[in-house]
Amino acid sequence: MGHGRDAARRVARLGAVREQPPAASPDLRRSAVRPSREQYFMLLAVATRERANCLRRHVGAVLVADQRIIATGYNGTPTGFPNCDEGGCHRCSHPDDYAEGRGYDVCICVHAEQNAVLQAARLGYSVQGSACYSTLRPCFGCLKELYQAGVTSIRYLNAWTPSDPVEAGAYDALLEELAGRGVVVAALELPDGLLDLR
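If you're wondering where the values come from, they're calculated on a predicted model, not measured in any experiment. (Residues numbered from 1 in each chain as written. Predicted model: local features only at pLDDT ≥ 70, side-chain atom pairs only at ≥ 80, totals over all residues. Heavy atoms only, no water.)

(A) Highlighting the environment of R34. As for its placement among the helices and strands, R34 is situated in the loop between helix 1 (2-19) and helix 2 (37-48). Residue R34 is classed as exposed on the basis of its relative accessible area, which comes to 67%. (Helix = DSSP H or I, 4+ residues; strand = E, 2+ residues; numbered from the N terminus. Buried < 20%, exposed > 50% of the residue type's maximum accessible area, 1.4 Å probe, protein only.)

(B) Here's a closer look at the pattern of salt bridges. Under the definition given, this model contains two salt bridges. When the shortest N-O distance is used, the salt bridge between E38 and R155 registers 2.8 Å. Highlighted residues: E38 in helix 2 and R155 in strand 4 (residues 153-158), separated in sequence by 117 residues. By relative accessible area, R155 is classed as buried at 14%. (Salt bridge = Lys/Arg side-chain N within 4 Å of Asp/Glu carboxyl O.)

(C) Spatial organisation of the sheet that holds strand 4. Ordered in space as 2-1-3-4-5, the five strands form an open sheet in which the pairing is mixed. Each of the sheet's edge strands pairs with one partner strand only, and the pair in question is strand 2 (68-74) and strand 5 (184-187). The average angle at which neighbouring strand axes cross in this sheet is 20°, direction not considered. Bridge count between strand 3 (residues 131-136) and strand 4: five bridges; the pairing is parallel. The residue of strand 4 that forms the bridge with A131 is S153. Seen against the sheet, helix 2 touches strand 1 (60-65), strand 2, strand 3 and strand 4 and runs at an angle of roughly 140° to strand 1. (Pairing = 2+ DSSP bridges. Axes fitted to C-alpha atoms, helices over the stretch in contact; angles between N-to-C directions. Contact = heavy atoms within 4.5 Å.)

(D) Expanded view of the packing of aromatic side chains. Applying the stated criterion to the full structure yields three aromatic pairs. Judged by centre distance (5.4 Å) and plane angle (40°), the rings of F41 and Y133 are tilted. Placement of F41 in helix 2 and of Y133 in strand 3 is noted, with a sequence separation of 92 residues between them. Under the relative-accessibility criterion, F41 is labelled buried at 2%. We classify Y133 as buried; its relative accessible area is 4%. (Phe/Tyr/Trp six-rings, centres within 6.5 Å; stacked < 30°, edge-to-face > 60°.)

(E) Expanded view of the packing of helix 4 (residues 112-123) against helix 5 (residues 140-149). Close contact between helix 4 and helix 5 brings their axes to 9 Å; oriented N to C, the two are set at 25°. The pairing of helix 4 with helix 5 is recorded here as roughly parallel in orientation. Two packed elements cross with a definite hand, and for helix 4 against helix 5 that hand is left-handed. Of helix 5, the residues touching helix 4 (which contributes E113, Q114 and V117) are C142, E145, L146 and A149. (Parallel < 35°, antiparallel > 145°, perpendicular 65-115°, else oblique. Left-handed = near helix turned anticlockwise from the far one by under 90°.)

Interpretation in functional terms is not warranted from these geometric data alone.
Set out below in structure tokens:
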């Protein structure tokens, strides 16, 4: 009889332990919720943008095919060129000479989405039918290039629209054309709890 009571006490103690919140540990995820696959890929784009060296904006992109990462990219100067903070980009080096959203024709930086497509090509991976996760809605040029490469889904974390009204109209028309061709260009939100990666 004594054994039954002891067993009941042990079970009661175990139950009490289970009800307590887990102790903070560097080996446990921070968020109480496991990220979805799309959130996971976007979190990797967020981590990738940490490599960016642009003085104006940091962007990361991840290309995914069949739920597998095939390439990553971040914005910055071409391989071997001085970085933006070393004077490699005229636009970054002379910010007062350019209004916001202007001067891209003299910007030497390669965009994150472009770098991801180029990395996939260099490594021999097809991006046909793949998805792109970018921390910023791609610019007009990157949207065209992603479509031409065969990317069929583009998810972004932060919105971007051209500052010039005429260019913004052309950008909206491109978005409509892509939608009509079955290409998804849509925002993907990340809960704040998922962004704490420490």
